[in-house]
Amino acid sequence: VEFLEGVAGLTSDAELAFAKWETPALAAFKPAKTDTKSGKGLPVWWRSTFSTDDSGAPLYMQPAGLTKGQWYINGRHVGRYFVALANGKPVPPQDRYLIPAAWLKPGQPNEITIFDEHGGAPNKIKLAH
């Protein structure tokens, strides 16, 4: 075994830039695509609206049909989720995620935006108290 010592930083001449993780503009939303060679889904953004009652109670999202990604409520980043592998195999233990009541607009349309890394479809998601 031979060990070599680094004498200079690998990124000493590189310029690093970081972009804020945020939802894309409305014009960027298009039908989902599938990679024809592998048959696996490609990363995709989803956006929808829903309404809530005036109870002031928080909601829980159950991300059935999704795999791994990030999600937003009314433009606020709620967090990451990881509930299934790219092949659909479930990843326990978490299967529901809290939406704080203070982030919801009772009696008005609320927007949910989802980024799924493996192209999971949100058509089975449940929002419940």
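You'll find the structure just up there.
Residues numbered from 1 in each chain as written. Predicted model: local features only at pLDDT ≥ 70, side-chain atom pairs only at ≥ 80, totals over all residues. Heavy atoms only, no water.

**Q** Looking at this model, I keep getting lost on the sheet that holds strand β4 (residues 76–82). Mind explaining?
**A** Taken in spatial order, the four strands line up as β1-β6-β3-β4 in an open sheet, and their pairing is antiparallel. Of all strands in the sheet, those bounded by a partner on one side alone are β1 (44–50) and β4. Ignoring which end each strand starts from, the neighbouring axes of this sheet average 20 degrees apart. Examined bridge by bridge, β1 and strand β6 (residues 110–116) share seven bridges and lie antiparallel to one another. Along β6, the bridge assignment pairs T49 with E111. (Pairing = 2+ DSSP bridges. Helix = DSSP H or I, 4+ residues; strand = E, 2+ residues; numbered from the N terminus. Axes fitted to C-alpha atoms, helices over the stretch in contact; angles between N-to-C directions.)

**Q** How do you make sense of the pairing of β6 when you look at a structure like this?
**A** Regular strands place side chains that alternate from one sheet face to the opposite one. Where burial is concerned, most of β6 is hidden: six out of the seven residues are buried. With five bridges connecting them, strand β3 (residues 68–73) and β6 associate as antiparallel partners. Note on β6: the bridge partner recorded for W71 is I114. (Buried < 20%, exposed > 50% of the residue type's maximum accessible area, 1.4 Å probe, protein only.)

**Q** For this particular structure, what's the right way to read the sheet that holds strand β2 (residues 59–62)?
**A** Two strands in a sheet stick together by hydrogen bonds in their backbones, pointing the same way (parallel) or opposite ways (antiparallel). If you trace the three strands from one edge of the open sheet to the other, you get β5-β2-β7, paired in antiparallel fashion. The open sheet terminates on both sides in strands that have one partner only, identified here as β5 (97–99) and β7 (126–128). Strand-to-strand twist across the sheet, computed as the mean angle between neighbouring axes with direction ignored, equals 30 degrees. Strand direction decides the pairing type here: β2 and β5, joined by three bridges, are antiparallel. Bridging across to β5, Y60 finds its partner in L98.

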